[in-house]
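An overview of the molecular structure
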Amino acid sequence: MSSSLGTSLTHYLIEEQQKHAGATGEFTLLMNDIVSACKVISSYVNKGNLIGILGSAETENVQGETQKKLDVISNDVFTHTLMRGGQVAALASEEMDEVHNLPDHFVRGKYMVVYDPLDGSSNIDVNVTVGTIFSVLRAPEGVKDPSEADFLQPGTAQVAAGYCIYGPSTIMVLTTGQGVNGFTLDKDVGEFMLTHPNITIPEDTKEFAINMSNQRFWDAPVQRYIDECLKGKEGPRARDFNMRWVASMVAEVHRILTRGGIFMYPIDSKIRDKGGKLRLMYEANPMAMIVEQAGGLAITGPERIMSIKPSKLHQRVPVILGSKNEVQIVWDYHTKG
Ligand code: P6P
């Protein structure tokens, strides 16, 4: 139920909790912590060089990538907010090599959260949209300090998934397995308000997103698919396509949720030994849950992303996701030739 004042994310979470007789309110408290952390990150991202936090942190993460100051700050905000909230048993992040266990005296909860605290941060110094991506998992019962192995759950086991996009608006997009909803931050009030109820991805699209500079490295199915898109009306697709590449997955996925499209970071000969570019646990799986819940598809090429049994916390996978009928074509090219 929404009043003329609209529905805040806080009220939405309480209303959802009330629909589940056995709900204890713990997930609502966890989500409130995630919301608080994203509000703080949004504030830092918006201030940028006003407070001297752009540029490199002069450190590297486990991926061997140079960290931006805001990567480290965002990770600290997310990690410390959730640690103190009493709803998690352990945390994991793109910016932390190992699973982050809690100090002995901290209260544990029944969830684990794995996150990319500032995805697309290579864009931050040029003022292009970035975002936080998070995935909520159940912690193993009776385990005080969950290990990496406890995090290695397939995407189908996710309790919830979401992202917060820091663009012209700050928008939280969330799924708990009952569809996808978007909430825009009203910075005057400090509340996320329901602005995108029941998001559904158009099943067809004329817009693809891929880093074309990798074209010579792609495998045949992707070469064929993109070649047909580029042939446009004169080709087998009999229609022209448009292309986008922001180099910020959150921005690409948000565009696809809003108007359709297909996003592709496929395997290629340059990154084959790494398994792909994007990370399974805190990029591919949460985005796959969101996309599937919005009526789209999310695959590696030959298989559904959310069916993968993870082998490592920072495992990389190919990612092809978006409008159902378009992704199906790519899936068929990988599986039927
Ligand atoms: P490239 C950002 O670093 C990221 O993980 C995704 O957000 C984005 O889609 C991709 O990598 C961009 O990769 O090779 O175009 O810089």
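Everything here concerns the structure above.
Report on the accompanying structure. In this text, all values refer to a predicted model and were calculated from it rather than measured experimentally.

1. Points about the nonpolar core
- Counting residues in each nonpolar core, the largest one holds 46 residues, and the members touching the most others are F151, Y163, L257, F263, M287, V319 and L321.
- The greatest single-element share of this core, amounting to nine residues, is contributed by helix α7 (residues 280-293).
- In terms of domain composition, this core takes at least three residues from each of domain 1 (3-196) and domain 2 (207-335).
- Not counting the four nearest positions on each side in its chain, L257 is found in contact with Y163, V173, I199, T200, I201, I290 and A294.
- Formed by 40 residues, the second largest nonpolar core is a distinct cluster that contains C38, F78, L102 and C164.

2. Quick look at the pairing of strand β6 (residues 130-138)
- Judged by how many residues are buried, β6 sits mostly within the fold: eight of nine residues are covered.
- Where β6 meets strand β7 (residues 160-166), seven bridges bridge the pair, whose relative direction is antiparallel. Residue pairing for β7: S135 is matched across the bridge by A161.

3. Regarding the pairing of strand β10 (residues 191-196)
- As judged from the five bridges shared by strand β9 (residues 180-186) and β10, these two strands associate in the antiparallel manner. The residue of β10 that forms the bridge with T184 is M193.
- Counting the residues between successive antiparallel strands, the hairpin from β9 to β10 contains four residues, one of them, G190, with a positive phi of roughly 85°.

4. Notes on the packing of aromatic side chains
- Counted according to the given criterion, the structure contains five aromatic pairs.
- Between W245 and Y265, the ring centres sit 5.8 Å apart and the planes meet at 55°, which makes this aromatic pair tilted. Of the two residues, W245 is situated in the loop between β12 (242-244) and α6 (249-259) and Y265 in strand β13 (residues 262-265); the sequence distance between them amounts to 20 residues.
- For W245, a relative accessible area of 26% corresponds to the partly exposed category.
- Take Y265: its relative accessible area is 12%, and that puts it in the buried class.
- The structure contains a cluster of three or more aromatic residues connected by ring pairs, namely W245, F263 and Y265.
- The ring centre of Y333 lies 3.7 Å from the NZ or CZ of R224, which sits over that ring.

5. Describing helix α5 (residues 220-231)
- Its twelve residues give α5 an end-to-end C-alpha distance of 16 Å, which sits within 8% of 16 Å, the value for a rise of 1.5 Å per residue.
- By the burial criterion, the buried members of α5 are P221, V222, Y225, I226, E228 and C229. Summarising the axial view, the buried residues of α5 lie within an arc of 155°, below the 170-degree limit, and thus occupy one face.
- At its buried positions, α5 is contacted by β11 (207-210), β13 and α8 (324-335).
- Count one or two residues on from α5 and you reach G232, which has phi positive near 55°.

6. Brief notes about the layout of surface pockets
- What the largest pocket holds in volume is close to 580 Å³.
- Every residue lining the largest pocket is counted, 25 residues in all, and those nearest its centre are A23, F27, Y111, R138 and V159.
- Where the lining of the largest pocket is concerned, the elements lending two or more residues are α1 (9-18) and α2 (26-47).
- By residue number, the principal contributor to the lining of the largest pocket is α1, which donates four residues.
- Counted by class, the lining of the largest pocket contains ten nonpolar, nine polar and six charged residues.
- Of the volumes computed, that of the second largest pocket is approximately 470 Å³.
- If you go around the second largest pocket, you meet 25 residues; those closest to its centre are G120, S121, S122, A247 and K277.
- Counting only elements with at least two residues in the lining of the second largest pocket, the list comes to β2 (66-68), β5 (111-119), β13 and β14 (278-279).

7. Some words on the side chain of N181
- Positionally, N181 belongs in strand β9.
- Judged by relative accessible area, N181 falls into the buried class, the value being 5%.
- If near-sequence neighbours (up to four positions away) are discounted, N181 is found in contact with Y12, M172, V173, L174, L194, H196, P197, N198 and I199.

8. Side note on the sheet that holds β9
- The sheet built from eight strands is open, its strands ordered β4-β3-β5-β6-β7-β8-β9-β10 with mixed pairing. Of all strands in the sheet, those bounded by a partner on one side alone are β4 (100-101) and β10.
- For strand β3 (residues 88-93) and β4, the ladder comprises two bridges, and the chain directions are antiparallel. Each bridged residue has a counterpart across the sheet, and for A90 the counterpart in β4 is N101.
- Relative to β6, α2 is tilted by about 165°, and along the sheet it contacts β3, β5, β6, β7, β8 (170-175), β9 and β10.
- Its contacts with the sheet put helix α3 (residues 69-84) on β3, β4, β5 and β6, and the angle it makes with β5 is roughly 160°.

Thresholds, definitions, all that
- Residues numbered from 1 in each chain as written.
- Predicted model: local features only at pLDDT ≥ 70, side-chain atom pairs only at ≥ 80, totals over all residues.
- Heavy atoms only, no water.
- Core = buried A, V, L, I, M, F, W, Y, C linked by side-chain atoms within 4.5 Å.
- Buried < 20%, exposed > 50% of the residue type's maximum accessible area, 1.4 Å probe, protein only.
- Helix = DSSP H or I, 4+ residues; strand = E, 2+ residues; numbered from the N terminus.
- Domains from an automatic or database assignment.
- Contact = heavy atoms within 4.5 Å.
- Pairing = 2+ DSSP bridges.
- Phe/Tyr/Trp six-rings, centres within 6.5 Å; stacked < 30°, edge-to-face > 60°.
- Lys NZ or Arg CZ within 6 Å of the ring centre and 35° of its normal.
- Expected span 1.5 Å × (residues − 1).
- Arc of directions from axis to C-beta.
- 1 Å grid on protein atoms, 1.4 Å probe; cavity = no way out; pocket = protein on both sides within 12 Å on 5 of 7 lines; lining within 4 Å.
- Points joined across faces, edges and corners; volume = space filled by probe spheres on them.
- Nonpolar A, V, L, I, M, F, W, Y, C, P; charged D, E, K, R; others polar.
- Axes fitted to C-alpha atoms, helices over the stretch in contact; angles between N-to-C directions.

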